[in-house]
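# Secondary and tertiary structure notes
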Amino acid sequence: MSDAFPPVHDLPDELPVLPLREFVIFPYMVLPLYVAREHSVAAVEDALAGDRLILLVAQRNPETAEPDPDDLHRVGTIAMVMRSLRMPDGRLKVLVQGLGKARIESVIEHDASIWVRIVRLPTEDPGEWCVESEALIRAVRGRVEELLPLKNLPPEILGITSHVDKPGRLADLVASNLRLRIDEAQEILELKDPLVRLRRVDALLRRELEVSSMQAEIQTQAQRELSRGQREVLLREQLRAIQAELGEVDPRCEETDEYRIKVEDASLPADCHEEAIRQLRRLERMHPDGPEAQVVRNYLDWVVELPWNRCSPDRLDLASAREILDADHAHLQSVKDRILEFLGVRKLREDSRGPILCFVGPPGVGKTSLGRSIARSMGREFVRVSLGGVRDEAEIRGHRRTYVGALPGRIIQAMKQAGTSNPVIMLDEIDKLGADFRGDPSAALLEVLDPEQNGSFSDHFLNIPFDLSRVLFITTANVLDPIPAPLRDRMEVIRLAGYTPEEKIEIANRFLIPRQISEHGLIPSQVNWSKQAVERLTSEYTHEAGVRNLERQVAAVCRKIARRAAEGDLTSVAVNRRTLERYLGAAPYEREEHEGESEIGLVNGLAWTEAGGDVLTVEATLTAGSGLVLTGQLGDVMKESGQTALSWARSTLRDLDVDESVLTKNQVHVHVPNGATPKDGPSAGVTIATAIVSLATAIPVRGDVAMTGEVTLRGKVLPVGGVREKALAALRSGITRVIVPKQCMKEVNEIPKALRKKLTFHPVSSMREVIDIALTERPRWRSPARRGSGHGGISTQASLQDADYRSRDANSRGSR
């Protein structure tokens, strides 16, 4: 085709438009196009039906599927459709050649295709030869030659540019081969002045040359590093071949090669890989029998065996997880719901962080076994780490490799034992951690149990960060008080209360008895447990919050039956209420009935222990002397509560019309039986105060009433903890009336409804209410209750309820 543009009278003023999405076509450019859009196919068909001319215009936004005339640039290229071919999928493949530039003046038609009226733009270079034009042409030719090997340009472009001596055409030719962005290519297309257009192309050439040179330098450096590594591998292979030929195989080479393979297979993070290779090079230079070499070998063994990127897939089927949790544990609904909530969030968002759970409860309620069940329901590995008695900070963070026999801490050891990077790790007995001159392990756990920090946990032995963010940590404790506040703040505390008698019976029938029958080699048909035997076993042979001792008693019965079977007696054995005593002896916990045992100075108090709730009988008497004597191995807090109770009682005697000298001229002795057991806490304040008032007034205290609460000097009753366990302990002892602080009534709702109906709760806020309820006779108060003084009066409802009780109890009281 000639360089000259076709004469004006040979070109129509109206042309169909073919929108282009991803590139700009310049004059003199020949390019195949694939046309698929309906408007575009219609435009090509219109051109083929006429003089085969069409206007190629770039879209402003390539993402527009069906562009309107406003979505197109105003300047495009007039092209001739040289060839067309219909594809099997309905598309058109056309070969077009750019002829010249044109600007859209107006839109004529926009129906099946877009037709526009155009004005042709000149492409020939006006003017004569000039120095600037020649300098630009030569500069562009030189830069194209430099860019050719870097940009993978077509080689024939050098031959073409060497014969083009017009600035405008050279600019269009070079721009069409530079793979420019659409906005840059459109800018060059719209420039009218040929010299300005060539200057812009020269600037783009300089930019592309700098970028391509830098890219080539980076690639050359990477290839150089790769070549160095390949050269090292080749030399090692040659050295190995020479040594094998001479029969001089170096065992150190075999060892280092084996470690090198393990390091590459371990998929270590970049910084860890670098440290492992550095230690491996040190090992190559060491004497194989040196002590330092053994330290490096031990370090490399730990590094390559840790699960850096090995994860086990989570089982995210909530129904299946619920079945597993229910099959392994009865009740504990709050814990099961929390685990299912975590699995639900994990199912919706895979990168969610695992919670740090802390199970707090008395021994034997299933905290440790619950962690194993959680791991099984999630399809993860389970590792238990016992922290009881740990006093060395290095047990958590590991020892530095400078020490003889150094090892990683228990956390890294647990990760190696699990074999995956997302196990369930149970930190058992976290409240039993200690501290001494070797450091504080609980402080080291602050990083382990912090989701914001444990993504790069640093062990002293490894000295490289290890990711613990995918681990589900579960801690267990009997009490929260010994756990430091910063560590407690990092954990989500879930309390596991003691089991009720009904729950123990269900657990024994569902889990304990079948398991012990199987473990002792028996079959279910050989042992038949009656309902009465299980009930007596839970109430008279065990006295605990959990079921650990209950399982021991079941095992004791199964052992005796297994011995009979081993001696040849294979008959079925019926374990009932009568034969239970023959197997286990006399019941150690005979049920105490407190009904009617009303005495002066004898009060049933409620206490919370690590084994659950318990009933403590507080005894008080008057002896010669003065002051207060507290016995029963009581702690400082409990002694202060006793002193506070005595001070309140002395200040209250005038309101009871009792001579104050009863307490001021006599010694008050308060004793809490079971003196070998340490006791402490403020919850006995109400109990001690009631016993002292009973002594002063000579009015007996009801034997079917138990109480708990802290007392103040003004006679207010303050809330205490463990109300659920204390109430269940009262029920186990046959006590049905419980006095609790009014602010603790919300905890009463946690007691199962069936058991709650068997108890009568008396919420109180002052000691006057306690005295009115607890004593068999309501004392006569001289002064009315003062508002806000702590001597608040009892409610009308409570008064009616207690009056009805006194009328039924009057005949059963003995005079004291």
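The rules behind each value
Residues numbered from 1 in each chain as written. Predicted model: local features only at pLDDT ≥ 70, side-chain atom pairs only at ≥ 80, totals over all residues. Heavy atoms only, no water. Helix = DSSP H or I, 4+ residues; strand = E, 2+ residues; numbered from the N terminus. Buried < 20%, exposed > 50% of the residue type's maximum accessible area, 1.4 Å probe, protein only. Patch = residues over 30% accessible without salt bridge, like charges linked within 9 Å, V, L, I, M, F, W, Y side chains within 5 Å. Areas by Shrake-Rupley, 256 points an atom, 1.4 Å probe, with all protein chains shown as cover. Salt bridge = Lys/Arg side-chain N within 4 Å of Asp/Glu carboxyl O. Arc of directions from axis to C-beta. Polar contact = N/O pair within 3.5 Å; in protein donor to acceptor, adjacent residues only side chain to side chain. Contact = heavy atoms within 4.5 Å. Lys, Arg positive; Asp, Glu negative; His and termini not counted. Charge placed at Lys NZ, Arg CZ, Asp CG, Glu CD. Pairing = 2+ DSSP bridges. Axes fitted to C-alpha atoms, helices over the stretch in contact; angles between N-to-C directions. Parallel < 35°, antiparallel > 145°, perpendicular 65-115°, else oblique. Left-handed = near helix turned anticlockwise from the far one by under 90°. Phe/Tyr/Trp six-rings, centres within 6.5 Å; stacked < 30°, edge-to-face > 60°. Lys NZ or Arg CZ within 6 Å of the ring centre and 35° of its normal. Nonpolar A, V, L, I, M, F, W, Y, C, P; charged D, E, K, R; others polar.

## Focus: the overall build of the protein chain
From N to C terminus, the protein chain includes 28 helices and 24 strands. Put simply, the protein chain has 816 residues, and 47% of those count as buried.

## Things to note about a nonpolar patch on the surface
A cluster of nonpolar side chains, V30, M80 and M82, forms an exposed patch at the surface whose accessible area comes to about 240 Å². Here M82 lies in strand β4 (residues 75–86).

## A few points about helix α20 (residues 577–584)
When α20 is considered as a whole, its buried residues turn out to be T579, L580, Y583 and L584. Buried residues in α20, looked at end-on, bunch into an arc of 125 degrees, giving them a common side. Residues of α20 that are exposed and point more than 90 degrees away from the buried face comprise R578 and R582. Between a side-chain oxygen at the N-terminus of α20 and the backbone nitrogen of R578 the separation is 3.1 Å; the capping residue is N576. One or two positions beyond α20, positive phi appears at G585, with a value near 85 degrees.

## Considerations on unusual backbone geometry
The backbone of S267 sits at a positive phi, close to 55 degrees, despite the residue not being glycine. Relative to the helices and strands, S267 resides in the loop between α7 (251–265) and α8 (270–285). Here D657, not a glycine, exhibits a phi torsion of approximately 60 degrees, which is positive. With respect to the helices, strands and loops of the structure, D657 is situated in the loop between α21 (636–652) and α22 (661–664). Residue classification places D657 among the exposed residues on the basis of a relative accessible area of 60%.

## Considering the side chain of T687
Relative to the elements of secondary structure, T687 occurs in helix α23 (residues 685–697). We classify T687 as buried; its relative accessible area is 1%. Once residues lying within four places of it in the same chain are set aside, the contact partners of T687 are V603, N604, G605, V618 and M707.

## Overview of a negative patch on the surface
Together, E38, E66, D68 and D70 make up a negatively charged patch on the protein surface. Within the secondary structure, D70 sits in the loop between β3 (53–58) and β4. Residue classification places D70 among the exposed positions, given a relative accessible area of 67%.

## So, helix α4 (residues 167–175)
Among the 9 residues in α4, 8 count as buried, and that is most of the element. When α4 is considered as a whole, its buried residues turn out to be P167, G168, L170, A171, D172, L173, V174 and A175.

## A closer look at the sheet that holds strand β7 (residues 356–360)
The pairing of strands in a sheet comes from backbone hydrogen bonds and takes either a parallel or an antiparallel form. Here 5 strands make up an open sheet; going across it, the order is β8-β9-β12-β7-β13 and the pairing parallel. For this open sheet the edge positions go to β8 (382–386) and β13 (492–495), each flanked by a neighbour on one side alone. With direction set aside, neighbouring strand axes in the sheet form an average angle of 20 degrees. Inspection of the sheet shows β7 paired to strand β12 (residues 472–477) by 5 bridges, in the parallel sense. Bridged to F359 within β12 is T476.

## Concerning the side chain of N422
Summarising the element assignment, N422 is placed in the loop between α14 (410–418) and β9 (424–428). Within the structure, the side chain of N422 is placed 2.8 Å from the backbone oxygen of S312, a separation counted as a polar contact.

## Quick notes on the environment of L195
By secondary structure assignment, the location of L195 is in helix α6 (residues 194–246). L195 gets classed as buried once you look at its relative accessible area, which sits at 18%. When the C-alpha positions of L195 and L136 are compared, they lie 8.2 Å apart, and in sequence the two are 59 residues distant. Not counting chain neighbours up to four residues away, the residues in contact with L195 comprise C130, E132, S133, L136 and P167.

## Remarks on the environment of D317
Summarising the element assignment, D317 is placed in the loop between α9 (291–305) and α10 (318–328). You can call D317 partly exposed: its relative accessible area is 42%. Between the alpha carbons of D317 and G344 there is a distance of 8.8 Å; along the sequence they are 27 residues apart. In this structure the side chain of D317 is engaged in a polar contact, spanning 3.3 Å, whose partner is the backbone nitrogen of A319.

## As for the pattern of salt bridges
Under the definition given, this model contains 40 salt bridges. Of the charged contacts, one joins R103 and E105 as a salt bridge, the two residues approaching to 3.0 Å between their closest N and O atoms. Linking K432 and E429 is a salt bridge whose minimum nitrogen-to-oxygen distance equals 3.0 Å. For K432, a relative accessible area of 32% gives the class partly exposed. Residue E429 is classed as partly exposed on the basis of its relative accessible area, which comes to 24%.

## Focus on the environment of K758
Along the chain, K758 falls in the loop between α26 (753–756) and β24 (760–764). Linking K758 and R737, residues 21 residues apart in sequence, is a C-alpha distance of 9.1 Å. Apart from the residues within four sequence positions on either side, K758 is in contact with E502, L731 and T736.

## Things to note about the packing of α21 against α23
Each pair of packed helices gets described by two things: the angle between the helix axes and the distance between those axes. In the contact formed by α21 and α23, the axes pass within 8 Å of each other and the chain directions differ by 40 degrees. The pairing of α21 with α23 is recorded here as oblique in orientation. Crossing of α21 against α23: the hand is right-handed. Contact residues: M638, S641, G642, A645, L646, W648 and A649 in α21; G685, I688, A689, I692 and V693 in α23.

## Examining the packing of aromatic side chains
Throughout the structure, instances matching the rule amount to 2 aromatic pairs. Taken together, a centroid distance of 6.1 Å and an interplanar angle of 50 degrees make the contact between Y299 and F461 tilted. Taken together, the residues span a long stretch of sequence, with Y299 in helix α9 and F461 in the loop between β10 (457–458) and β11 (465–466) at a distance of 162 residues. Considering the side-chain rings of W308 and F466, the 4.9 Å spacing of their centres and the 55 degrees angle between planes classify their relative orientation as tilted. Linking W308 in the loop between α9 and α10 with F466 in strand β11, this pair joins segments that are 158 residues apart in sequence. Note on W308: relative accessible area 6%, which makes it buried. Sitting over the ring of Y299, R401 keeps its end group 4.1 Å from the ring centre. Of note, R768 hangs over the ring of W781, and the distance from its end group to the ring centre comes to 4.2 Å.

## Quick look at the packing of helix α17 (residues 501–519) against helix α18 (residues 531–540)
Two elements in contact, α17 and α18, have axes separated by 9 Å at closest approach and are oriented at 110 degrees. Judged by the inter-axis angle, α17 sits roughly perpendicular to α18. In this structure, α17 meets α18 at a crossing whose hand is right-handed. On α18, the residues that touch K504, I505, A508, N509 and I513 of α17 are V534, E535 and T538. In the contact of α17 with α18, the residues fall into 4 nonpolar, 2 polar and 2 charged.

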